[in-house]
Amino acid sequence: MIKKISHIAIVVPELKDVVGFWVDALGLDVAHTEHVPEQGVEVAFLPVGESDIELLQPTDTQSGVARYLAKRGPGIHHICFEVDDIEATLAHLKEMNIPLIDEQPKYGSDGKKMAFIHPKGTHGVLVELYELPPAEMEQHQEASDDLRRRLRDGREVYTAGAKAFLSRIRHGR
Ligand code: CO
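Read on for a plain summary of the structure. (Residues numbered from 1 in each chain as written. Predicted model: local features only at pLDDT ≥ 70, side-chain atom pairs only at ≥ 80, totals over all residues. Heavy atoms only, no water.)

On to the overall build of the protein chain, then. When helices and strands are tallied, the protein chain shows five helices and eight strands. Listing every helix and strand of the protein chain by position from the N terminus yields β-α-β-β-β-α-β-α-β-β-β-α-α. A total of 173 residues make up the protein chain; the buried ones form 42% of that total. A separation threshold of at least 6 residues defines the contact pool for the protein chain, and within that pool the share at least 24 residues apart is 53%. Total accessible area on the protein chain is roughly 10,100 Å²; 55% of this is exposed by carbon and sulfur atoms. (Helix = DSSP H or I, 4+ residues; strand = E, 2+ residues; numbered from the N terminus. Buried < 20%, exposed > 50% of the residue type's maximum accessible area, 1.4 Å probe, protein only. Contact = heavy atoms within 4.5 Å. Areas by Shrake-Rupley, 256 points an atom, 1.4 Å probe, with all protein chains shown as cover.)

As a further point, take the pairing of strand β5 (residues 75–83). By the bridge criterion, eight bridges tie strand β1 (residues 2–11) to β5 in an arrangement that is antiparallel. Looking at the pairing, I5 lines up with F81 of β5. In terms of strand pairing, β5 meets strand β8 (residues 127–131) through four bridges, oriented parallel. By the bridge assignment for β8, I79 is matched with V127. (Pairing = 2+ DSSP bridges.)

What tends to happen in soluble globular proteins is that the nonpolar side chains get buried as a cluster. Membership of the largest hydrophobic core comes to 17 residues, with the highest contact counts inside it found for W22, V30, A44, L46, L55 and F165. Among the elements of the structure, α1 (15–25), β3 (41–48), β4 (51–58) and α5 (160–171) are those that each provide at least two residues to this core. Examining the composition of this core, we find that five residues originate from one element, α1, more than from any other. Sequence-distant contacts of L55, that is, excluding residues within four places in its chain, are made with I10, L15, V18, W22, E42, V43, A44 and L46. In terms of nonpolar packing, the next biggest core, distinct from the first, is built from ten residues, V36, V43, L56 and Y68 among them. (Core = buried A, V, L, I, M, F, W, Y, C linked by side-chain atoms within 4.5 Å.)

Attention now goes to the coordination of the cobalt ion. The cobalt ion binds to the protein through H7 (NE2), H78 (NE2) and E128 (OE); the donor distances cover 2.1 Å. We note that the donor set of the cobalt ion lies within a single chain, spaced as H-x70-H-x49-E. Taken together, the positions of H7 in strand β1 and H78 in strand β5 put the pair 71 residues apart, joining distant regions of the chain. Overall, the relative accessible area of 1% leaves H7 in the buried class. Among the residues examined, H78 registers a relative accessible area of 4% and is labelled buried. (Donors = N, O, S within 2.8 Å, 3.2 Å for Na, K, Ca; no water.)

Attention now goes to unusual backbone geometry. With a phi close to 60°, N97 is a non-glycine residue in the positive phi region. Within the element layout of this structure, N97 appears in the loop between α3 (86–95) and β6 (106–107). At H123, a residue that is not glycine, the phi angle is positive and equals roughly 60°. For H123, the position within the fold is in the loop between β7 (113–117) and β8.

Shown next, in the form of structure tokens:
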């Protein structure tokens, strides 16, 4: 069962060039940034309600995301749904003859399970599935409750890491 949209991922050539729109103009906050060397990307998460915008900047010209950017230009890269049981979802999709990139889920370092559905089977949209481990679901809930509280109490929402990130990309590395 699909629980919600976890995130919408957008590939950009340079994170520093798009912060002006996403943060300054739209007023979203960067809650979390991460360098993911296995995927050759730097990622910034901007919460929107109970979902996130995930900005992806390729850091390695050979990565799948870099090739996507070179071929198709900046734009939406994938949509991720959070599901309650990723194995059951993949089995169901397989039964429906939907081509999968990952027939078995991959594990993130935090215990999260992830799999991609092939865009051939989704009318051109790369779809990702997430199943969060139970502990993280609680943490996630706590984190978003906390974020909501802090937003209410005066928008002091940047984590130290995100603050440093913003100042780094604004003032150059
Ligand atoms: Co994703």
